[in-house]
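Listed here are the chains, written in short residue letters.
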Amino acid sequence: MAAIGRFRKGGKIFWAKVVDGEIFRLHGDVFGSPSFDKKPTPRKGLKTLVPVVPGKIIAIGLNYADHVREMGRELPREPLFWFKAPTSLLPDGGKIEVPFPRHRTDFEAELAIVIGRKIRNVTPAGAARHIFGYTAAQDISDRTIQKVESQWARCKSFDTFTPLGPFVETQIDPSDLSIQQFQNGQLRQNSNTRQLIFKPAEIVSFVSTNLTLLPGDVILTGTPSGVGPIQSGDKLEVRIQGLAPLINTVR
């Protein structure tokens, strides 16, 4: 497998392999040993959905040193994580809705991990075997709420606050990938996954020592510096090296 997406066509929802823009339907368990159609599915009437349906979304905070300084916080000694509601998911091309226009609401470009196997207490050395792949994400955040609450789930879990996709890349090394955020064509965030304080394998291991991870669960790995406010009419694009871009607009 390489890039895997999830689609709707004619009332049917299915996973497929994406090769050079062509869609080959998947048969069997996407997290097992699936087979694929030999002929591509016509793209007419095809809608791209979020690439997985996670039971839980886990967000890692303060995981780029420059962003920690930007937020005026101290470097974490271990991964800081919280939950985002699965109802906050939004596919590529979807519109982000800001519930409180007078609040400051920020973009955050992130690399997301997709879990491929049920795991509990995995070591960092063994974590890579349990990762299905990686995709692009946004962790949209209501800063006005975040500043007055010690818990971050509410400010980051409004509907449409987790754009994800468009595809999961199953054959990529996450250790040295450029990560960029564009807002209306202007570069706002520009970093590399080399700057991650806790690497993907360390994150998966740490989370798995606290709770069971299931196939399809998503972990957002943190955002670099350069976060900024969004407003109605904005076009946001996350570009991560080796992944298809994630593009959304703000309603």
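Details of the structure are given in the entry above.
To start, this report covers the structure provided alongside it. (Residues numbered from 1 in each chain as written. Predicted model: local features only at pLDDT ≥ 70, side-chain atom pairs only at ≥ 80, totals over all residues. Heavy atoms only, no water.)

Some points on the pairing of strand S2 (residues 12-19)
- Note that strand S1 (residues 3-9) and S2 share 7 bridges and pair antiparallel. When the bridges of S2 are listed, Arg6 appears paired with Trp15.
- Connecting the antiparallel pair S1 and S2 is a turn made up of 2 residues, with Gly10 showing a positive phi of about 60°.
- When S2 meets strand S3 (residues 22-27), the two strands line up antiparallel, connected through 4 bridges. From the neighbouring strand, Val19 faces S3, where its bridge partner is Glu22.
- Linking two consecutive strands that pair antiparallel, namely S2 and S3, is a turn of 2 residues; a positive phi of about 50° is found at Asp20 within it. (Pairing = 2+ DSSP bridges. Helix = DSSP H or I, 4+ residues; strand = E, 2+ residues; numbered from the N terminus.)

A few points about the sheet that holds strand S15 (residues 178-183)
- Spatially, 5 strands are ordered S9-S20-S19-S15-S16 in an open sheet, and the strand pairing comes out mixed. Lying at the two open borders of the sheet, with one neighbouring strand each, are strand S9 (95-96) and strand S16 (186-192).

What to know about the sheet that holds strand S13 (residues 141-142)
- Pairing is antiparallel across the open sheet formed by 3 strands, whose spatial order is S13-S10-S18. The open sheet has two edge strands, S13 and strand S18 (228-229), and neither has a second partner.
- Pairing of strand S10 (residues 105-107) with S18, which is carried by 2 bridges, proceeds in the antiparallel orientation. Paired with Asp106 across the strands is Pro229, a residue of S18.

Structural notes on the pairing of strand S19 (residues 235-240)
- The pairing of S15 with S19 spans 5 bridges and is classified as antiparallel. Bridging across to S19, Gln180 finds its partner in Arg239.
- In the sheet, S19 pairs with strand S20 (residues 246-250) via 4 bridges, with the strands oriented antiparallel. Paired with Lys235 across the two strands is Thr249, which belongs to S20.

Topic: the side chain of Glu108
- Residue placement: Glu108 occurs in the loop between S10 and strand S11 (109-115).
- A polar contact of 3.4 Å, which involves the side chain of Glu108, links it to the side chain of Ser141.
- Not counting residues up to four positions away in its chain, the partners in contact with Glu108 are Ala137, Gln138, Asp139, Ser141, Arg143, Lys156, Gln181, Gln189, Thr223 and Val227. (Polar contact = N/O pair within 3.5 Å; in protein donor to acceptor, adjacent residues only side chain to side chain. Contact = heavy atoms within 4.5 Å.)

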